[in-house]
Amino acid sequence: MTSKCTESPVVVVGGSLVGLSAALCLAFHNVPVIVVDRHPGSLPHPRAIGYTPRTMEIYRALGIDKKIPEVPADFSLRRARVESLAGTWHEESAWTEKTEEKSYSYSSFLDSSTSLGGFIVQDKLEAILREATLQRGVDLRYSNILLSFEQDDEGVTALIKNTDGQEYTLRASYLIAADGHRSSIREKLGIQRDGRGHMQTTRSVLFRAPLDEYLKRGISQFNIDQPDFKAFLTSYNDGRWVLMFSDDIERDEATLKSLIYKAIGRSDMDVEIITTGRWELTALVAEKFQSGRIFLAGDAAHTLPPNRGGYGANTGIADVHNLAWKLAAVLSGASTPELLESYDLERRPVAWLRHQQIFARADYKVHLAGDAKPEEVIDDIAVELGQLYRSKAILGAGDDLPPALRPDQWAGQPGTRAPHFWFTKDGQTISSLDLFQTSWVLLSESAEWTSAAAHASRESQIEVQPVQVGVDLQLADVNVFRQAMGMSVSGASLVRPDGYIAWRSTGLPSDPLTMLKDVLRQVACARKLL
């Protein structure tokens, strides 16, 4: 018997990292949301451990960055080929390949961001996200299984089975599918995927052992290389380690322990096996990220194998950050549903760029299909902080532009993340990134643009916050701002609620209000604008 229907503006299917991030982003924009997940909580395998500067910028805006351990300023993700931990250590491999462009160290991310990234295992990060979502009133429903769903012109109806085996229905205006790489939602929608595809099936064993002494050299990833034994060993820096095998052989506990001791190079210590895993090394991107009122996010949209750039989980977090403010704008009536079409147009090319960059790098070149040639390696800082969005929600991002550049090379180009620079306000030093994330922002040095933003806000449901440089905030050198934003003293830059530049005027037109209103009709799909 099915109980009565519960309604919510948005339902998220999948309560792991991306689903929880989606819920928190939506709650941040005051959108009620229900999260449904078939599991009782976080999976026993920690999975991801590193989170990029852009992810930390997002979590900074959401107010949880202080709870996440920061990557140390001298951090370097290092990997070595070894006989075993206690045996002979051979050569060390670089974190990333050098390009012909200006060489950037990992610490140079601080030149372009407020953070070097987060250093926390996924299950612990999910606990932080769960706490934050509950504090914001999100309805989390674990051990609840999606049985079926249907969508129509007005919304999506989902049939759910709860922990007691009872069935009930949820009715939502929109649904986000964050249900993993085997997404049943994507499959029912008939959305195909393209990409390198399946490469191999991998087995792993998660264990606990007192091995901190082998981390003192600053290396935490190890390619085990013995004549009769090849494996990958890495630490989660909390006493847990994972040993991965490039095969699909099921091993009993005694065999697993013997191989763990072989990788360690000694057997005189206690080893506790926590769990085992089996996963498919796959690289696939969905042919579309939207089907009507349903959106794919995270692994449901793109399965990207683990790599030193951290493209998997971090790409999914950026997906839902891009989507949440758009859903909020449409649900509030400020924007038309046309705005939602920009999600696929903006995020799918990013997934493809990262898919290609994975196979441009040393770790995965061996997995290139057939005679395929790797693409040119793009700087990590460009892939992470300099990706370009092209859609109707962006004006001035032409097809002639590259998919990614370093932030300093973009200089305020529409379609890119607004650059980071420091300024002072009320005696406090603040990042420019802290100006964004809650509403539209119009940056300028001109009082005329400030007035235009105020009038445009009053005449629509689009909140445009004017920020006048030199009045609302101070810079030691205003030329830093002009260079970073690519503007003159009379120009203006319109930044979206996700921190991306939607439009830029290099100078002051004869009628700035009319121009700004026309721009908002396009980039914000403003519903009511006189």
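Section: the sheet that holds strand 5 (residues 89–93)
Reading across the sheet, the eight strands line up as 5-4-12-13-14-11-15-18 and stay open at both edges, with mixed pairing between neighbours. Looking at which strands have only one partner, the edges of the open sheet turn out to be strand 5 and strand 18 (302–303).

Thoughts on the pattern of salt bridges
Scanning the model with the defined rule gives 34 salt bridges in all. The partner of Lys 517 in a salt bridge is Glu 459, and the shortest N-O contact between them spans 2.7 Å. Separated by 58 residues along the polypeptide, Lys 517 in helix 13 (residues 512–523) and Glu 459 in the loop between helix 11 (447–458) and strand 22 (464–468) bring together distant segments of the chain. The exposure class assigned to Lys 517 is buried, which follows from its relative accessible area of 12%. Looking at Glu 459, the relative accessible area reads 23%, which means it is partly exposed. Each of Arg 81, Glu 91, Asp 225 and Lys 230 takes part in one network of salt bridges that share partners.

So, the packing of helix 1 (residues 17–28) against helix 3 (residues 122–135)
At a minimum axis separation of 9 Å, helix 1 and helix 3 run at an interaxial angle of 25°. The angle between helix 1 and helix 3 places the two elements in the roughly parallel class. For helix 1 against helix 3, the interelement crossing comes out left-handed. Along the contact surface, helix 1 presents Leu 17, Leu 20, Ser 21, Ala 23 and Leu 24, while helix 3 presents Gln 122, Leu 125, Glu 126, Leu 129, Arg 130, Ala 132 and Thr 133. Class assignment for the residues of the contact of helix 1 with helix 3 results in seven nonpolar, three polar and two charged.

Here's the deal with the side chain of Ser 112
Within the secondary structure layout, Ser 112 lies in the loop between strand 5 and strand 6 (118–119). Apart from residues lying up to four places away in sequence, Ser 112 is in contact with Glu 57, Ile 381, Leu 385, Pro 407, Arg 417 and His 420.

Quick word on the packing of aromatic side chains
One pass over the structure, following the stated rule, counts nine aromatic pairs. Seen from their ring centres, Phe 222 and Trp 241 are 6.3 Å apart, and the 25° between their planes marks the pair as stacked. Of this pair, Phe 222 sits in strand 12 (residues 221–226) while Trp 241 sits in strand 14 (residues 240–245); the two residues are 19 residues apart in sequence, bridging distant segments of the chain. Trp 241 gets classed as buried once you look at its relative accessible area, which sits at 0%. Seen in terms of ring centroids, Phe 289 and Tyr 343 are 6.2 Å apart; in terms of plane orientation they differ by 50°. Their pairing is tilted. Here Phe 289, found in the loop between strand 15 (272–286) and strand 16 (290–291), pairs with Tyr 343, found in helix 7 (residues 341–358); they are 54 residues apart in sequence, far enough to count as distant. Comparing Phe 289 with Tyr 343, the two get one shared label, buried. Through a chain of ring-to-ring contacts, the aromatic side chains of Tyr 174, Phe 289, Phe 295 and Tyr 343 assemble into a single cluster. For the cation-ring pair, Arg 217 lies above Trp 89, with the distance from its terminal atom to the ring centre recorded as 3.9 Å. Just above the ring of Phe 245 sits the side chain of Arg 251; from NZ or CZ to the centre is 4.2 Å.

So, the nonpolar core
Counting 91 residues, the largest nonpolar core has Tyr 59, Leu 494 and Leu 516 as its most contacted members. Examining the composition of this core, we find that ten residues originate from one element, helix 1, more than from any other. Tyr 59 has contacts with Leu 17, Ser 21, Ile 64, Asp 65, Ile 68, Leu 125, Leu 129 and Ile 317, leaving out every residue within four places of it along the chain. In terms of nonpolar packing, the next biggest core, distinct from the first, is built from 26 residues, Leu 211, Tyr 214, Ala 231 and Trp 241 among them.

Considerations on the sheet that holds strand 24 (residues 501–505)
Spatial strand order, 22-21-23-24: four strands in an open sheet with mixed pairing. The sheet is open, and its two borders are formed by strand 22 and strand 24, each paired with just one other strand. Direction aside, the axes of adjacent strands within the sheet are offset by 15° on average. By the bridge criterion, four bridges tie strand 21 (residues 440–444) to strand 23 (residues 492–495) in an arrangement that is antiparallel. Within the sheet, the bridge partner assigned to Leu 442 lies in strand 23 and is Leu 494. Relative to strand 24, helix 13 is tilted by about 155°, and along the sheet it contacts strand 21, strand 22, strand 23 and strand 24.

Some details on the packing of helix 2 (residues 53–62) against helix 6 (residues 311–332)
For the pair helix 2 and helix 6, the least separation of the axes is 9 Å and the interaxial angle reads 40°. It follows that helix 2 is oblique to helix 6 by the angle criterion. Both helix 2 and helix 6 take part in a crossing whose hand is left-handed. Here helix 2 contributes Arg 54, Thr 55, Ile 58 and Tyr 59 to the contact with helix 6, which in turn contributes Asn 314, Ile 317, Ala 318 and His 321. In terms of residue class, the contact of helix 2 with helix 6 is made up of four nonpolar, three polar and one charged.

Topic: the environment of Lys 216
By the secondary structure assignment, Lys 216 is in the loop between strand 11 (193–208) and strand 12. Exposure remark for Lys 216: the relative accessible area of 73% places this residue in the exposed category. Taking the C-alpha atoms as reference points, Lys 216 and Leu 140, separated by 76 residues in sequence, lie 40 Å from one another.

A few points about the confidence of the model for the chain
Where the model shows low pLDDT, its predicted coordinates should not be examined in detail. With 94% of its residues at a pLDDT of at least 70, the chain reaches an overall mean of 90. Low pLDDT, under 50, characterises residues 99–107; the predicted model gives this stretch 18 contacts beyond four residues in sequence or across chains.

Remarks on the environment of Ala 351
Secondary-structure assignment places Ala 351 in helix 7. Put simply, Ala 351 and Gln 290 are 61 residues apart on the chain and 14 Å apart in space, counted from C-alpha to C-alpha. In this view, Ala 351 contacts Val 285, Phe 289, His 302 and Leu 304; residues no more than four positions away in its chain are not counted.

Some remarks on the pairing of strand 22
For strand 21 and strand 22, the ladder comprises five bridges, and the chain directions are parallel. Across the sheet, the residue bridging to Trp 440 is Val 464, located in strand 22. As for the winding sense of the linkage, the β-α-β connection from strand 21 through helix 11 to strand 22 is right-handed.

What counts as what
- Residues numbered from 1 in each chain as written.
- Predicted model: local features only at pLDDT ≥ 70, side-chain atom pairs only at ≥ 80, totals over all residues.
- Heavy atoms only, no water.
- Pairing = 2+ DSSP bridges.
- Helix = DSSP H or I, 4+ residues; strand = E, 2+ residues; numbered from the N terminus.
- Salt bridge = Lys/Arg side-chain N within 4 Å of Asp/Glu carboxyl O.
- Buried < 20%, exposed > 50% of the residue type's maximum accessible area, 1.4 Å probe, protein only.
- Axes fitted to C-alpha atoms, helices over the stretch in contact; angles between N-to-C directions.
- Parallel < 35°, antiparallel > 145°, perpendicular 65-115°, else oblique.
- Left-handed = near helix turned anticlockwise from the far one by under 90°.
- Contact = heavy atoms within 4.5 Å.
- Nonpolar A, V, L, I, M, F, W, Y, C, P; charged D, E, K, R; others polar.
- Phe/Tyr/Trp six-rings, centres within 6.5 Å; stacked < 30°, edge-to-face > 60°.
- Lys NZ or Arg CZ within 6 Å of the ring centre and 35° of its normal.
- Core = buried A, V, L, I, M, F, W, Y, C linked by side-chain atoms within 4.5 Å.
- pLDDT = per-residue confidence, 0-100.
- Right-handed = clockwise from strand over helix to strand, strands pointing away.

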